[in-house]
Number of protein chains: 4
Amino acid sequence: MPKKIRLGLIGGGGDSLIGILHRIASFINDNYQIVGGVFSIDYEGNLEFANEIDVPTDRVYKDFDTFIEEEMKLPEDQRIQVCSVLTPNFLHYPMARKLLENGFHVICEKPMTMTLEEAHELQAIHRASGKVFALTHTYTGYPMVRQMKEMIKAGALGKIHKVDARYYQGWINPVIHDPEQRASVWRLDPEKAGISCCMGDIGTHAFNMIEYTTGLKVKSLLADFNYLYDDNVMDVDGNVLIRLDSHVKGVIRASQVATGEENGLAIAIYGEKAAFRWEQEKPNFLYKLSDTEPTQIYKPGHGYNSELSLAGTKLPPGHPEGIFDSMANIYLGAAKAIRGQSYDPAEYPTMEDGVRGLNFVEATVASHKGGNVWIDLED
Amino acid sequence: MPKKIRLGLIGGGGDSLIGILHRIASFINDNYQIVGGVFSIDYEGNLEFANEIDVPTDRVYKDFDTFIEEEMKLPEDQRIQVCSVLTPNFLHYPMARKLLENGFHVICEKPMTMTLEEAHELQAIHRASGKVFALTHTYTGYPMVRQMKEMIKAGALGKIHKVDARYYQGWINPVIHDPEQRASVWRLDPEKAGISCCMGDIGTHAFNMIEYTTGLKVKSLLADFNYLYDDNVMDVDGNVLIRLDSHVKGVIRASQVATGEENGLAIAIYGEKAAFRWEQEKPNFLYKLSDTEPTQIYKPGHGYNSELSLAGTKLPPGHPEGIFDSMANIYLGAAKAIRGQSYDPAEYPTMEDGVRGLNFVEATVASHKGGNVWIDLED
Amino acid sequence: MPKKIRLGLIGGGGDSLIGILHRIASFINDNYQIVGGVFSIDYEGNLEFANEIDVPTDRVYKDFDTFIEEEMKLPEDQRIQVCSVLTPNFLHYPMARKLLENGFHVICEKPMTMTLEEAHELQAIHRASGKVFALTHTYTGYPMVRQMKEMIKAGALGKIHKVDARYYQGWINPVIHDPEQRASVWRLDPEKAGISCCMGDIGTHAFNMIEYTTGLKVKSLLADFNYLYDDNVMDVDGNVLIRLDSHVKGVIRASQVATGEENGLAIAIYGEKAAFRWEQEKPNFLYKLSDTEPTQIYKPGHGYNSELSLAGTKLPPGHPEGIFDSMANIYLGAAKAIRGQSYDPAEYPTMEDGVRGLNFVEATVASHKGGNVWIDLED
Amino acid sequence: MPKKIRLGLIGGGGDSLIGILHRIASFINDNYQIVGGVFSIDYEGNLEFANEIDVPTDRVYKDFDTFIEEEMKLPEDQRIQVCSVLTPNFLHYPMARKLLENGFHVICEKPMTMTLEEAHELQAIHRASGKVFALTHTYTGYPMVRQMKEMIKAGALGKIHKVDARYYQGWINPVIHDPEQRASVWRLDPEKAGISCCMGDIGTHAFNMIEYTTGLKVKSLLADFNYLYDDNVMDVDGNVLIRLDSHVKGVIRASQVATGEENGLAIAIYGEKAAFRWEQEKPNFLYKLSDTEPTQIYKPGHGYNSELSLAGTKLPPGHPEGIFDSMANIYLGAAKAIRGQSYDPAEYPTMEDGVRGLNFVEATVASHKGGNVWIDLED
């Protein structure tokens, strides 16, 4: 194994949960070493945090521009190779752009950009850069999600006829039901959060899960949002009718007021021969349904799983791996790409997933605001 | 307890599954005695079947008209009091009509009629008759469904914001994928089966479950059907966006090509304070979700259940009761009504449920054929 | 189908749960007609109950002896053919004995007798009688239990190495923790309830489930009881080590103080090639485990099930059948035997199961009281 | 947060699963830095592995004795502070002993020693040393296991009456059924593996889980092993009757021939007021049962959990954490102890757990070999 990849973190300092998730994911599999970054906008806190996580402070920079400037002065074999962009949403695009333009690989949190237009711009820059860009649609890193994808590709379901995905959470309940809070949180302010709350934040994961596992593209959609209160202007719930290939239809349901649901991403895919059902909160149990055979429960680490699935499992069957391991699998795929090793394109979500995601979100908003009309997605 | 109610069966002979279901449901609780009927159109088979189930043949009639004619000659205290209408769909309306017009109580299989217009006519006749009319939306007989209804009425969820119901089956797969079969089965022939296959047969159960449990009415809907093949003209799958009260939205999903699903009726209801999840195939487990408290699993027969729920449980907790018991609970409610005893209106589905069901089905067809437009349901 | 079998009930009147269970089970499948019996010791209540369940009062007798005397006067083709014995435990033996001696078939509740000695006597009388004797170990009527038995017989598990069954309930908690109650209830009084409470009442079901499904015999056992309080002399909890064939071992766990458990009968059977897991409270889900293949979930009514299993399912897959249906399957088997039709010996539990059960209970008591020593069961 | 703790690994090189588990666990929470060790007995592989995981090779030693010798030459503030002992079982004792004697803290894999005698010796040395000794009974690190412990301590179950734990695996099947393999693997060779296979390896986890969660001590036990073949001398399956406090009894079941089971550790604890059920393969779902209230499902990260439980959860509810996180929680507890910070004694398993474990294993062997007699454990 070659030396560890030099990783920089932009954001993710302090008690940031996304910071913890990425940091641990980078440790697992021994591929990355955090050598610097800009953990927060507060320089003192920045340095303090570097001490906490035992990163030498000499490459902890006071802001993003300084980071770029100083790192570019270093010889290439010392320079940070890849940056994880964990900043607030509106910063993803400008930062990822500048990083790619300066020759850094990028691991970027979702949403990739605030608009589809930006996404296309970033896509062009990425193509020109020749660098690795990984988007952390974390849930596609689960071994059983990858197993679904592989078995579908191998024909286990036959022709697919229906897809049904949801992402249900209840977390926004205390916010939305309080008039003051719903008027003030950034999530429900289009100026700060962009055009969509629920679809942008979680609906897009359900959308990505469908395209990732089935290999099909959503061609058009029709959305209906629920704002819950007249004085709220951001979607906190919605249902989306989707059409994929000819005679392939489906539905995406997303909600942040699904009381009691925690991180309820789930997918069901029905084909001519068989079907899959999977739920994120029980990620190690994949159900394969048939009209004529007993339902089968696939679990990680078994010899019957595909190579792609097995690559994402570290321990023998029965040792539950979770969300950190799922993210770690995406970091693992990115590491292979960064090192120029051979890898399966399914090992990490890409720029193209990011563009699709923005396309999806904008289309749902256009559909809802247009009076629940069908909106085509890009080819 | 008074003497048993004299029950006649119209249809349901031979190996008819619906016949078995209704017969057993009528036995349970000791309220009914089958004293005659017209079990099938074949008179010989009719008599033979009467022998099999030990019903005296003297009141087994050669056809429905004879049934009416002969029974009306009997003194009222010997005459059949209630008829279960278990015939093919298109006969439900004329038979139920004639029965009500002649003063019989009616227990009717679903769909109540072929059209909303017929439903309204039947409703008027029913009102004039003063007789009991029970529609066998079987699944509302489950104790935990009734528990949901009661707890929602008592405010356990607070204001409801989202409802999500599905009914998934895979049974039509072998039919739909075979060009010859899909061109010939009555289910996919609008002349014989009416305007809808999937929505009429099972979507309507999901719709009924929503209105039964929440006490809310669906005000408008937008449907998208899937026919799967260009040469198929009946829906075998569909997704329906629904709107209930102001800021209450939801979705109904129905499919007969959901491979491997058996009788997959399920409902999730999300309110401001809590939520319910329930699945028909595990009918004795009701999940109550909260953002702040542990999920609770309600089970039948416990003292914490409502009176309505407990009335539908015969044995102590842990003794699984199933679909026959659910149907029996509907027969039990109808028996109370027939006898003029006091009962809870929630104890059996009524004419109004039937009208709503037809309204729903016609609206989904109108929406889909109109280009996925919003269609209002009747007030 | 021949005419219905004339059934008499001994016990089971009023709100008796066991009465409801047997009555409904006898209705399902259209094989039996209740024509008389002795429902309770109170003659007035007896007659009243007959009216309630619409049984002609002319064959409702004031006591068991009168029942025998009067029925024997009737010509054989009018006489009650089979009696269900639903009386308190200590009456099972004398009543079953007299019934068999007088040429009646018997369906008998568990425990069959109070002692192994009585069981042997009854066995001898039964052999001489040539009559049908069915013991209602209800749980062996479930279609998935029968599927286990058939698949094991067909070698699906290979050689069995370990069996593990439990029956956990919490119902005795409020009784046992109250000094007055535990000193007074008949269940905890050896004079009235016999030598064992927990093992006799429920442990024996777990034992029967093992022998029924595996086809193996328990050869010896070692038991340890828990009485919970010094002033309690009846077992309310116990664990039993068991040995079956050479190198086949296992454990039976039974408890009536397993707080929150309702009717928690469960079995796991581990063989060289595969294993089964099944739980009574989710009776329609049978899990087949393998070291190398995905776990399979078998469900009732599918073509992949055995004939014996399918014979016990009335509706298509996905329509949950429950405890009444399980008991009905035992009544169905007994009906075939009574009519001299061909049937599978696995269709109802027999005298031999009853003898084994008493042998088991006496052995557990002997083991515990002997200081947790190994006790052999009869060959 | 102070600087990272200097960690040395003894064993765990190459593809060692236990190595991966400990390494990742040490990364999570940012407390440890691996600065050296002896990863394998092959010095070349040792150095190569150090490169792979990016550990400077100057503190990678050729063997354990050299490790001690060289590290002791370093000033205390550079010296490795704690060693994880991941070597084959028979080396745990001599290595842990020498480490403690030389003033290192120790994190030790299970079994702590080969005999109870050794365990006592180690205990004495440990006491004298004043150093931290953590035994990696990994499963006690799960947040819901800790929640059980805390709620039991707070009286949620009332007086406990029954405990029931199992650890079922199927992994030894292919070995045990092959005469050549079972004669040759080290696991089934008492010379190499010690006196017990199944009880020592996994039964002891079930035992530890009981004592950890209930706070009770097993006072005596009676075991019955299954060897499966006459030519096999090591237990591969066994059932153990246990007695705890007065009138508190239970059972431990362990098997390595439980076909299809993967890592099937589970526990049920029944008290006067309520009960807990938990399974390792679904570690984030804790069931609390009651006779009178709905079953409750506790999940990690919620405000209703105890401080001890919450300390072991890094992300909001619904983000599944798994076995690495469980082990990480033990490393976290050890880190607090090593740094002299305040911590809850329940945060990591100790020397005392190790002594108890050896006591348990030896007692089961003595019981089985003594003819299934009761053996007392030490006070």
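This text goes with the structure placed above it.
Along every chain, residues carry numbers that run from 1 in the direction the sequence is written. All chains are assigned letters beginning at A, and all ligands numbers beginning at 1, according to the order in which they are written. Local features in this predicted model are restricted to residues whose pLDDT is 70 or higher, and side-chain atom pairs enter the listing and the counts only when it is 80 or higher, whereas totals over whole chains, interfaces and linings include all residues.

A.B. asks: Lay out the overall build of chain A with the relevant residues and their values.
C.D. replies: Tallying secondary structure elements over chain A gives 13 helices and 14 strands in all. In terms of overall dimensions, chain A has a C-alpha envelope of 60 × 55 × 40 Å along the principal axes. In chain A, which comprises 379 residues, the share counted as buried stands at 63%. Look at the contacts in chain A between residues 6 or more apart in sequence, and 69% of them connect residues 24 or more apart. Only DSSP runs of H or I reaching four residues or more are called helices, and only runs of E reaching two or more are called strands; each is numbered from the N terminus. Between the buried cut of 20 or more and the exposed cut of 12 or fewer other C-beta atoms within 10 Å of a residue's own C-beta lies the partly exposed class, and all C-beta atoms are placed from the backbone. Here, residue contact means that the backbone-derived C-beta atoms of the two residues sit within 7 Å.

A.B. asks: Would you mind going over the nonpolar core in detail, with residue names and values included?
C.D. replies: By definition, a nonpolar core groups buried Ala, Val, Leu, Ile, Met, Phe, Trp, Tyr and Cys residues that connect through C-beta atoms lying within 7 Å of each other. By size, the foremost hydrophobic cluster in this structure holds 488 residues, and its most contacted members are Val 106 of chain A, Val 106 of chain B, Val 106 of chain C together with Val 106 of chain D. When neighbours within four sequence positions are excluded, Val 106 of chain A is seen to be in contact with Val 82, Cys 83, Val 85, Ala 96, Leu 99, Leu 100, Lys 131 and Phe 133 of chain A.

A.B. asks: Describe the interface of chain B and chain D, naming the residues involved and giving the relevant values.
C.D. replies: Taken together, the nine residues of chain B in the interface contact nine residues of chain D. Residues are grouped as follows: Ala, Val, Leu, Ile, Met, Phe, Trp, Tyr, Cys and Pro are nonpolar; Asp, Glu, Lys and Arg are charged; every other residue, Gly included, is polar. Taken together, the residues that form the side of chain B that touches chain D break down as four nonpolar, four polar and one charged. The pairing criterion for strands is at least two bridges between them, as found by DSSP. Both strand 13 (residues 295-298) of chain B and strand 13 (residues 295-298) of chain D contribute to a ladder of three bridges, which runs antiparallel. Counted as the bridge partner of Thr 295 of chain B is Ile 297 of chain D from strand 13 of chain D.

A.B. asks: Can you lay out the relation of the copies chain B and chain D for me, pointing to particular residues and giving the numbers?
C.D. replies: The relation between the two copies of this chain is a rotation about an axis and a shift parallel to it. A least-squares fit on C-alpha atoms brings the copies together, and the residues used are those whose pLDDT is at least 70 in both copies. With an RMSD of 0.0 Å, chain B superimposes on chain D once it is rotated by 180° and translated 0.0 Å along the axis. What the rotation and shift describe, once combined, is the action of a two-fold rotation axis. Considering only C-alpha atoms, the residue of chain B closest to the rotation axis is Gln 296 of chain B, which sits at 2.3 Å. Of the interface residues in chain B, 100% have counterparts in chain D that sit at the interface too, so the contact is made through matching surfaces.

A.B. asks: A description of the sheet that holds strand 4 (residues 105-108) of chain D should follow, citing residues and the corresponding values.
C.D. replies: Residues and elements named next belong to chain D. Taken together, five strands build an open sheet; the order of strands is 2-1-3-4-5 and the sheet is parallel. The open sheet has two edge strands, strand 2 (32-38) and strand 5 (133-135), and neither has a second partner. Pairs of neighbouring strands in the sheet enclose a mean axial angle of 20°, with direction left out of account. For strand 3 (residues 82-85) and strand 4, the ladder comprises four bridges, and the chain directions are parallel. Looking at strand 4, one finds that Val 82 is bridged to His 105. All axes here are fitted lines through C-alpha atoms, helices being fitted over the stretch that makes contact, and every angle between N-to-C directions spans 0 to 180 degrees.

A.B. asks: How would you summarise the pairing of strand 9 (residues 249-255) of chain A if you had to cite specific residues and measurements?
C.D. replies: Residue and element names in this part refer to chain A. By the criterion of burial, strand 9 is predominantly enclosed, with seven of the seven residues buried. Neither face of strand 9 is exposed, since Lys 249, Val 251, Arg 253 and Ser 255 on one face and Gly 250, Ile 252 and Ala 254 on the opposite face are all buried. Across seven bridges, strand 6 (residues 160-168) lies against strand 9 in parallel orientation. The partner of Tyr 167 across the bridge, within strand 9, is Ala 254. Inspection of the sheet shows strand 8 (residues 237-243) paired to strand 9 by seven bridges, in the antiparallel sense. Bridge assignment links Gly 238 to a residue of strand 9, and that residue is Ala 254. Taken together, strand 8 and the strand that follows it, strand 9, pair antiparallel across an intervening segment of five residues, in which His 247 is found at a positive phi of about 65°.

A.B. asks: I'd love a proper account of the sheet that holds strand 2 (residues 32-38) of chain A, names of residues and values included.
C.D. replies: Adjacent strands of a sheet form backbone hydrogen bonds with each other and so pair up, either parallel or antiparallel. All names here are of chain A. Spatially, the five strands line up as an open sheet ordered 2-1-3-4-5, and their pairing is parallel. Each edge of the open sheet carries a strand with a single partner, namely strand 2 and strand 5 (133-135). For this sheet the average axis-to-axis angle between neighbouring strands, irrespective of direction, equals 20°.

A.B. asks: Go over the interface of chain A and chain B with me, naming the residues and quoting the values.
C.D. replies: Frequently, the measure chosen for interface size is the accessible area that the parts lose on association. With 35 residues of chain A at the interface, the matching set in chain B holds 35 residues. Put simply, the parts of the chain that give the side of chain A that touches chain B at least two residues each are strand 6, strand 7 (220-226), strand 8, strand 9 and strand 10 (264-271) of chain A. The element best represented in the side of chain A that touches chain B is strand 9 of chain A, accounting for four residues. Residues of the side of chain A that touches chain B, tallied by class, amount to twelve nonpolar, 14 polar and nine charged.

A.B. asks: Explain the relation of the copies chain A and chain B to me, and be specific about the residues and the numbers.
C.D. replies: Expressed as a screw transformation, the operator carrying chain A onto chain B has a rotation angle of 180° and an axial translation of 0.0 Å, and the superposed copies differ by an RMSD of 0.0 Å. When the interface residues of chain A are mapped onto chain B, 100% of them again fall at the interface, so both copies present the same face.

A.B. asks: Residue-level account of the pairing of strand 4 of chain D, with values.
C.D. replies: All names here are of chain D. Where burial is concerned, the two faces of strand 4 agree: the one with His 105 and Ile 107 and the one with Val 106 and Cys 108 are both buried. Running through helix 4 (residues 89-101), the crossover from strand 3 to the neighbouring parallel element strand 4 is right-handed. Of the pairings in the sheet, the one linking strand 4 to strand 5 comprises three bridges and is parallel in character. Opposite Ile 107, over in strand 5, you have Ala 134 as the bridge partner. When the strands point away from the viewer and the connection leading from the first strand across the helix to the second strand turns clockwise, the crossover is called right-handed. Remark: the strand 4/helix 5 (residues 116-129)/strand 5 crossover connection has right-handed handedness.

A.B. asks: Tell me about the packing of helix 5 (residues 116-129) of chain C against helix 13 (residues 351-369) of chain C, and please be specific about residues and values.
C.D. replies: All names here are of chain C. Two elements in contact, helix 5 and helix 13, have axes separated by 9 Å at closest approach and are oriented at 170°. Judged on the interaxial angle alone, helix 13 and helix 5 are roughly antiparallel. Pair helix 5 / helix 13 crosses with left-handed handedness. Note on element contacts: helix 13 touches helix 5 through Met 351, Gly 354, Val 355, Leu 358, Asn 359 and Glu 362, opposite Leu 116, Ala 119, His 120, Leu 122, Gln 123 and His 126. When its residues are assigned to classes, the contact of helix 5 with helix 13 shows six nonpolar, five polar and one charged. Each angle receives one of four descriptions, namely roughly parallel if under 35 degrees, roughly antiparallel if over 145, roughly perpendicular if within 65 to 115, and oblique otherwise. The sense of a crossing depends on the near helix, which, turned anticlockwise from the far helix by less than a right angle, makes the crossing left-handed and, turned clockwise, makes it right-handed.

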